[in-house]
Amino acid sequence: GNFEGYGGRHVPEPLRDPLEQLANAYDEVGATEEFRADLRELLEDFAGRPTPLYRARSLSERYGAEIYLKREDLLHGGAHKINNVLGQALLAKRSGRERLIAETGAGQHGVATAMAGALLDLETEIYMGEKDVARQEMNVFRMRLLGAEVNEVARGDAGLADAVDAALEDFAENVADTHYLVGSVVGPDPFPRMVRDFQSVIGEEAREQFRERTGDLPDAAVACVGGGSNAIGLFHAFREDDVAFYGAEGGGEGADSTRHAAPLASGTDDTLHGMKTRVLEDDVEVHSVSAGLDYPGVGPEHAMFRAVGRCEYTAVTDDAALAAFRELSETEGIIPALESSHAVARAIELAEDGAHETILVNLSGRGDKDMETAARKFSL
Ligand SMILES: Cc1ncc(COP(=O)(O)O)c(/C=N/[C@H](C(=O)O)[C@@H](O)C(C)C)c1O
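Residues numbered from 1 in each chain as written. Predicted model: local features only at pLDDT ≥ 70, side-chain atom pairs only at ≥ 80, totals over all residues. Heavy atoms only, no water.

J.: What is the right way to read helix 14 (residues 338-352) from this model?
T.: One full turn of an α-helix is made of 3.6 residues, so residues set three or four places apart face in the same direction. Relative to the 21 Å expected for 15 residues at 1.5 Å per residue, helix 14 spans 21 Å between its end C-alpha atoms, a close match to the ideal helical length. The buried fraction of helix 14 is high, at 13 of 15 residues. Positive phi shows up at Gly354, right after helix 14, with a value of about 65°. (Helix = DSSP H or I, 4+ residues; strand = E, 2+ residues; numbered from the N terminus. Expected span 1.5 Å × (residues − 1). Buried < 20%, exposed > 50% of the residue type's maximum accessible area, 1.4 Å probe, protein only.)

Written as structure tokens, this is what we have:
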């Protein structure tokens with residue numbers, strides 16, 4: 001898992017062998033027709049794939065561009081996270097692991113993991129920073145309702161990065177019976193490539209749907225970037241095509257402020273959570289209005305895409321995301337997740353600039369989980 005020098009497997013000795021075993025299990029089991037058929041059935045009948053490709057008629061008319069939304073918000077659980085979780089949970093089950101652990105910030109990944117744990121009868125423990133527990137209460141309740149234990153992490157900033165640290169420690173101690181179900185294209189190899197492969201169903205469907213609908217490919221593909229899984233999941237199928245990629249990072253109070261979550265637009269090369277990638281500068285406090293983008297690192301494949309110029313990354317501020325959150329709700333009758341709102345804001349900007357005629361946007365999740373945050377921001 002080497003992305004032009006980014007990625008790798010920078011972990012302490014106790015994790016090396018378990019990760020090698022996981023990589024082998026993925027390469028062997030993951031390639032069998034039996035596994036793929038089982039996963040396909042769950043993606044269709046349990047998760048609700050394929051998701052629609054919706055032409056945002058009001059938004060397109062308003063901005064004079066053809067804006068299409070890939071509706072991952074309609075999946076079971078409310079976000080794209082279920083695509084990756086089903087793949088990894090099936091792999092764990094077939095590899096004789098009876099316990100799942102995971103980190104979560106927005107809680108979507110935690111909920112998806114708890115759903116898979118219930119479905120496949122796997123004991124499930126979710127690590128979640130106290131800060132995030134406080135702002136995503138509904139998702140915490142859903143995880144417990146699904147039978148998972150939620151481990152409230154207090155160390156450090158009590159945020160996502162601290163939850164990842166706690167999960168990695170658990171994994172190192174319990175590798176024999178536990179699978180660490182990483183929620184994004186981050187961490188040591190094989191996670192970035194394995195999660196990418198499981199999420200690439202998004203772009204494979206969208207590419208086929210777009211060609212059927214328009215007879216062509218989109219000029220541009222846009223997605224928000226937290227750890228980077230929904231973005232890579234959309235982009236991967238188009239990587240050889242003449243389609244421009246745009247990543248919308250959590251710009252918080254601005255890329256040149258000291259409170260944001262945009263390591264690609266404004267960060268530095270460093271090693272974090274077992275991977276060489278782009279990380280926030282030391283003087284920056286990780287912050288985004290959306291819990292799902294509130295992470296100081298990013299997937300190494302995005303660090304490579306930035307280095308080779310395959311994707312343009314922009315820090316979309318909290319305010320711009322909140323404005324897009326309201327605009328999509330009012331013009332299309334769709335309430336997006338605050339994370340996905342960053343991608344919508346970027347797509348609107350591209351359409352306004354007349355940069356592209358057809359724009360494909362990944363709507364990674366729905367806004368139900370964000371109602372408390374939104375109600376505090378807007379008195380409607
Ligand atoms: C609806 C929605 N959209 C985008 C994201 C960003 O995650 P990526 O797609 O992996 O960049 C997220 C990330 N959510 C994770 C979670 O729910 O736990 C996130 O907080 C962590 C896994 C990083 C999300 O919930």
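Next comes the rest of the account.
J.: What am I meant to see in the nonpolar core here?
T.: A general trend in soluble globular proteins is that nonpolar side chains are found buried together. One finds Leu39, Ile82, Leu86, Tyr127, Met143, Tyr180 and Met194 to be the most contacted residues of the largest nonpolar core, which totals 55 residues. Leu53, Phe210, Ala231 and Phe238 belong to the second largest nonpolar core, which has 27 residues in total. (Core = buried A, V, L, I, M, F, W, Y, C linked by side-chain atoms within 4.5 Å.)

J.: Any chance you could explain a negative patch on the surface here in plain terms?
T.: Residues Asp270, Glu281, Asp282 and Asp283 make up a contiguous surface patch of negative charge. Relative to the helices and strands, Asp282 is located in the loop between strand 13 (275-279) and strand 14 (285-286). (Patch = residues over 30% accessible without salt bridge, like charges linked within 9 Å, V, L, I, M, F, W, Y side chains within 5 Å. Areas by Shrake-Rupley, 256 points an atom, 1.4 Å probe, with all protein chains shown as cover. Salt bridge = Lys/Arg side-chain N within 4 Å of Asp/Glu carboxyl O. Lys, Arg positive; Asp, Glu negative; His and termini not counted. Charge placed at Lys NZ, Arg CZ, Asp CG, Glu CD.)

J.: Any chance you could explain the pattern of salt bridges here in plain terms?
T.: As a working rule, side chains carrying opposite charge can pair if their charged atoms are close by. Enumeration according to the criterion identifies 33 salt bridges in this entry. Measuring nitrogen to oxygen at the nearest pair gives 2.7 Å for the salt bridge that ties Arg9 to Asp189. Separated by 180 residues along the polypeptide, Arg9 in the loop between strand 2 (6-7) and helix 1 (13-29) and Asp189 in the loop between strand 8 (178-180) and helix 9 (191-199) bring together distant segments of the chain. Residue class for Arg9 comes out partly exposed when judged on its relative accessible area of 22%. A salt bridge links Arg196 to Glu301, with the shortest nitrogen-to-oxygen separation between them at 3.2 Å. With Arg196 in helix 9 and Glu301 in helix 12 (residues 300-308), the pair connects residues that are 105 residues apart, well separated along the chain. Here the two residues Arg196 and Glu301 agree in accessibility, since each one is buried. In this structure, a network of salt bridges that share partners links the residues Arg9, Glu20, Asp27, Asp189 and Arg193.

J.: Which parts of the structure should I look at to understand the packing of helix 1 against helix 9?
T.: Axes are the key here: two packed helices are described by the angle between their axes and the distance separating the axes. Here helix 1 crosses helix 9 at 30°, and the two axes come no closer than 11 Å. Here helix 9 runs roughly parallel to helix 1, going by the angle between their axes. The hand of the helix 1/helix 9 crossing is left-handed. Of the residues in helix 9, those in contact with Leu19, Leu22, Ala23, Tyr26 and Asp27 of helix 1 are Phe191, Arg193, Met194, Asp197 and Phe198. Taken together, the residues of the contact of helix 1 with helix 9 break down into 7 nonpolar, no polar and 3 charged. (Axes fitted to C-alpha atoms, helices over the stretch in contact; angles between N-to-C directions. Parallel < 35°, antiparallel > 145°, perpendicular 65-115°, else oblique. Left-handed = near helix turned anticlockwise from the far one by under 90°. Contact = heavy atoms within 4.5 Å. Nonpolar A, V, L, I, M, F, W, Y, C, P; charged D, E, K, R; others polar.)

J.: For this particular structure, what's the right way to read the site of the ligand?
T.: Near the ligand, the surroundings consist of 26 residues, among which Thr104, Ser184, Gly226, Gly228 and Ser229 are the closest. Here Gly226 contributes a backbone N or O atom positioned 2.7 Å from an oxygen atom of the ligand. Within the backbone of Gly228, one N or O atom sits 2.7 Å away from an oxygen atom of the ligand. Of all elements in the fold, only strand 5 (99-104), helix 5 (108-119), strand 9 (220-225) and helix 11 (229-235) reach the threshold of two or more residues within the shell around the ligand. Of the residues in the shell around the ligand, the class split is 8 nonpolar, 15 polar and 3 charged. (Near = heavy atom within 4 Å. Polar contact = N/O pair within 3.5 Å; in protein donor to acceptor, adjacent residues only side chain to side chain.)

J.: Sorry if this is basic, but what is going on with the sheet that holds strand 8 here?
T.: Backbone-to-backbone hydrogen bonds join strands into a sheet, with any given pair of strands oriented parallel or antiparallel. If you walk across this open sheet you meet the 4 strands as 7-6-5-8, and the pairing is parallel. This sheet does not close on itself; its edge strands, each paired only once, are strand 7 (149-153) and strand 8. Each neighbouring strand pair of the sheet contributes to a mean axis angle of 20°, computed without reference to strand direction. The pairing of strand 5 with strand 6 (residues 123-129) spans 6 bridges and is parallel. (Pairing = 2+ DSSP bridges.)

J.: Where do I start with the side chain of Gln199 in this structure?
T.: Among the structural elements, Gln199 can be located in helix 9. When sequence neighbours within four positions are dropped, the list of residues in contact with Gln199 reads His80, Lys81, Asn83, Asn84, Ser229 and Gly233.

J.: Can you help me understand the environment of Gly233 in this one?
T.: Here Gly233 shows up in helix 11. It is 8.6 Å that separates the C-alpha atoms of Gly233 and Glu204, two residues lying 29 residues apart in sequence.

J.: Honestly, the pairing of strand 12 (residues 268-272) in this entry has me stumped. Any pointers?
T.: Side-chain positions along a regular strand alternate between the two faces of the sheet. Pairing of strand 12 with strand 13, which is carried by 5 bridges, proceeds in the antiparallel orientation. Note on strand 13: the bridge partner recorded for Thr268 is Val279. Joining the antiparallel neighbours strand 12 and strand 13 is a turn of 2 residues, in which His273 adopts a positive phi near 50°.

J.: I keep staring at the packing of aromatic side chains and nothing clicks. Help me out?
T.: Each aromatic ring pair is characterised by the separation of its centres together with the angle its planes make. Tallying each qualifying case throughout the model produces 7 aromatic pairs. Between Phe35 and Phe198, the aromatic rings sit 6.4 Å apart at their centres with planes inclined by 45°, giving tilted as the arrangement. With a gap of 163 residues between them, Phe35 in helix 2 (residues 33-47) and Phe198 in helix 9 connect regions that are remote in the sequence. Between the aromatic rings of Tyr180 and Phe191, the centroid separation amounts to 6.1 Å while the plane-to-plane angle is 55°, which identifies the pairing as tilted. With Tyr180 in strand 8 and Phe191 in helix 9, this residue pair connects regions lying 11 residues apart in the sequence. Residue Tyr180 is classed as buried on the basis of its relative accessible area, which comes to 2%. (Phe/Tyr/Trp six-rings, centres within 6.5 Å; stacked < 30°, edge-to-face > 60°.)

J.: For this particular structure, what's the right way to read unusual backbone geometry?
T.: Cis geometry is found at the peptide bond from Arg49 to Pro50, where omega equals -5°. Here the amide bond leading from Asp189 into Pro190 is cis, since omega sits at 15°, within 30 degrees of zero. Positionally, Pro190 belongs in the loop between strand 8 and helix 9. Residues other than glycine seldom take positive phi values, yet Asp121 does so here, at roughly 55°. Relative to the helices and strands, Asp121 resides in the loop between helix 5 and strand 6. The backbone of His273 shows a phi angle near 50°, a positive value even though the residue is not glycine.

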